[in-house]
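Report on the structure
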Amino acid sequence: MFFKLRSVVIFRNYKTFGYLTDNRNFGYLKEEKENHIGDKIISESGSIFISVLGKRSQSLDSLVKKIKKHFTNVDDKTIKNDALEFYRTLETDGFIVSGDTLQKCDDKDTKFSYKKLVNSDISNEYSFPAIIHHEKYTQDFLEEFFKGKPQLTNLHIEITSRCNERCLHCYIPHENKTQNIDPELFYKVLKQCFDLKLLHITLSGGEPMLHKSFCGFLKKCRQFGFSVNVLSNLTLLNEEIVKEMKANPLLGVQVSLYSMNPDIHDEITQMKGSLVKTKNAILTLVENDIPLQISCPIMKLNKNCYKDVIKWAKKYNINVGEDYVIIARYNHSKLNLNCRLSVNEIKEVINDKILNDSNYIEQMAKEMEKKKSMTTDDYVCSVCHSSVCIAENGNVYPCAGWQDYIIGNVKETSLYDIWNHSEKVQYLRNLRNRDFPKCIQCSDKVFCTLCLVRNANENTQGNPLVVNDYFCKVAKLNKKIMFESRRKQMNK
């Protein structure tokens, strides 16, 4: 009998316990809840049984020999029986697979494939029979175990500020796009992430593929067993990069595509020929079964044609994320906001979505209901609770867009110490909804998402507590549209 961890499963050994999770918290695939494997906390001894497994199939006898090294006073037969029972339970839960032969075991490890999605829905890509589904997500599991202490599970690393495009709406001032991260610093940070039991790494820029060590960075992330997201315009994709991307089943890509009209897309990127390069690269990833999501920000230039992107992506079963949220540049200049939709234009977009998506209002209502349960003691967002961002110069920020608020530098201080001891980190963690009295008293609050970086970047002093009036107007609009829609339904 042969056993192996599923390729979409991440395991972290905390010595006194082990943690198993699938990649649903970090991947870009839009799957239904029932197709998620979930999370599982296992005992200290169970962690040993899991730690000898890997992403390659091994015979039970081989695994027993490895386990025996940790339990020298236990006979082989007892270890074998316990291991078999334990692995069978984990297989039922969906975390591992088994087979009578090595090949049968490998074949059971269902890999993501766009080819399998042809004429089917993305949500049916995986099938895990008899799986026990767990409701909690990674952060809930870990923070509960560590009694509320924030756990760093996600790290965003901007490996370069350089970019070969000059997107009109970008939050990074173009004159600052000049540097690469030193490879030695990157590998040092990655080792610290491994020691901190981090689960997920996002690699971005600028354009990350401009860094000559990009493939080496991907390889090291894979060797450490990190889930990886790459944010790229894909115009520099090549065979070497594709090969390395395919090697990590926990890797996904996010790429921006603004229009299927080259005049519009290329005007936004300020790079002639960028649409053709990006579109061809997307099809290359699809052909190689590398999961990706298209990001399509809606702005003045593409508000009348963004749906063409969605329509094109649907032919290849590619998920598209589109919204109209554009934030000011981190140096508080607002020139890029010339691209941002006016409130009236947003109204047109939302009404069009309602017309073409029967579930849009229902989804809005669900989000509204979730926010009704929020209290004044709830924290505002996940920054410094589960994630931070490191720039190419070593500066650490709460998130990628908030780069005038430096909480430390990994050249001078370890990531562990920044996460646990930075005064600025503690300040952000102590912020609660009650620190925004205007929002707490607002009748539109359940139609709004409070965002610190949106406030800070648009405020000349960089103050995250000064609520951005533009998004207040958007919340009021959402409320009006919701009630108008419900009134129309009642009158039918």
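The text that follows walks through the structure, step by step, so that each part is easy to find. (Residues numbered from 1 in each chain as written. Predicted model: local features only at pLDDT ≥ 70, side-chain atom pairs only at ≥ 80, totals over all residues. Heavy atoms only, no water.)

Quick look at the overall build of the chain
Scanning the chain from N- to C-terminus turns up 18 helices and 15 strands. Computed over its C-alpha atoms, the radius of gyration of the chain comes to 24 Å, within 12% of the 23 Å expected for a compact globule of 492 residues. Its C-alpha atoms give the chain principal-axis dimensions of about 75 × 55 × 50 Å. Residue burial in the chain is summarised as follows: out of 492 residues, 53% are buried. The contacts in the chain between residues at least 6 apart in sequence include a share of 70% that link residues at least 24 apart. For the chain, the computed accessible surface area is about 23400 Å², with 50% contributed by carbon and sulfur atoms. Each charge sign in the chain was given a centre, from 71 positive and 60 negative side chains, and these centres are 1 Å apart. (Helix = DSSP H or I, 4+ residues; strand = E, 2+ residues; numbered from the N terminus. Rg over C-alpha atoms; globule rule 2.2 N^0.38 Å. Buried < 20%, exposed > 50% of the residue type's maximum accessible area, 1.4 Å probe, protein only. Contact = heavy atoms within 4.5 Å. Areas by Shrake-Rupley, 256 points an atom, 1.4 Å probe, with all protein chains shown as cover. Lys, Arg positive; Asp, Glu negative; His and termini not counted. Charge placed at Lys NZ, Arg CZ, Asp CG, Glu CD.)

Side note on helix α12 (residues 343-356)
Counted at 1.5 Å a residue, the expected span for α12 with its 14 residues is 20 Å, and the 20 Å between its end C-alpha atoms agrees. Listed in full, the buried residues belonging to α12 are Glu-345, Ile-346, Val-349, Ile-350 and Lys-353. For α12, the angular spread of the buried residues around the axis is 135 degrees, confining them to a single face. Every exposed residue of α12 that faces more than 90 degrees away from the buried side is listed here: Asn-344, Glu-348 and Leu-355. Buried residues belonging to α12 abut α11 (306-315), α13 (360-372) and α18 (469-490). (Expected span 1.5 Å × (residues − 1). Arc of directions from axis to C-beta.)

With respect to unusual backbone geometry
In this chain, Gly-205 is followed by Gly-206 through a cis amide linkage whose omega measures 25 degrees. Here the phi dihedral of Lys-15 falls at roughly 70 degrees; this positive angle occurs in a residue that is not glycine. Given a relative accessible area of 60%, Lys-15 falls into the exposed group.

Details of the state of the cysteines
What is meant by a disulfide is a covalent connection between two cysteines, made through their sulfur atoms. Taken as a whole and assessed by the stated rule, the structure comprises zero disulfides. Free of any disulfide, Cys-167 has its nearest cysteine sulfur in Cys-163, 6.3 Å distant. Assessed through its relative accessible area of 11%, Cys-167 is described here as buried. There is no disulfide at Cys-389, and the cysteine sulfur nearest it, in Cys-399, is 7.6 Å away. (Disulfide = S-S within 2.5 Å.)

Structural notes on the nonpolar core
Counting 95 residues, the largest nonpolar core has Leu-155, Ile-201, Leu-203, Met-245, Leu-292 and Ile-294 as the members making the most contacts within it. It is α18 that contributes the most residues to this core, seven residues altogether. Phe-11, Ile-37, Val-64 and Tyr-87 belong to the second-largest nonpolar core, a separate cluster that totals 22 residues. (Core = buried A, V, L, I, M, F, W, Y, C linked by side-chain atoms within 4.5 Å.)

Points about the sheet that holds strand β2 (residues 9-13)
Read across the sheet, three strands follow the order β2-β3-β4 without closing on themselves; strand pairing throughout is antiparallel. The sheet is open, and its two edges are formed by β2 and β4 (39-42), each paired on a single side. If you compare each strand with its neighbour and ignore which way they point, the axes differ by 15 degrees on average. Here strand β3 (residues 18-22) pairs with β4 via four bridges, running antiparallel. Across the sheet, residue Tyr-19 finds its bridge partner in β4, namely Ile-41. Docked against the sheet, helix α1 (residues 44-51) engages β2, β3 and β4, running at close to 130 degrees with respect to β2. (Pairing = 2+ DSSP bridges. Axes fitted to C-alpha atoms, helices over the stretch in contact; angles between N-to-C directions.)

What to know about the environment of Glu-458
The topology assignment puts Glu-458 in helix α17 (residues 452-458). Taking the C-alpha atoms as reference, Glu-458 lies 33 Å from Asn-359; in sequence the two are 99 residues apart. With sequence-adjacent residues up to four places away left out, Glu-458 is seen in contact with Ala-328, Lys-334, Leu-337, Arg-340, Asn-468 and Phe-471.

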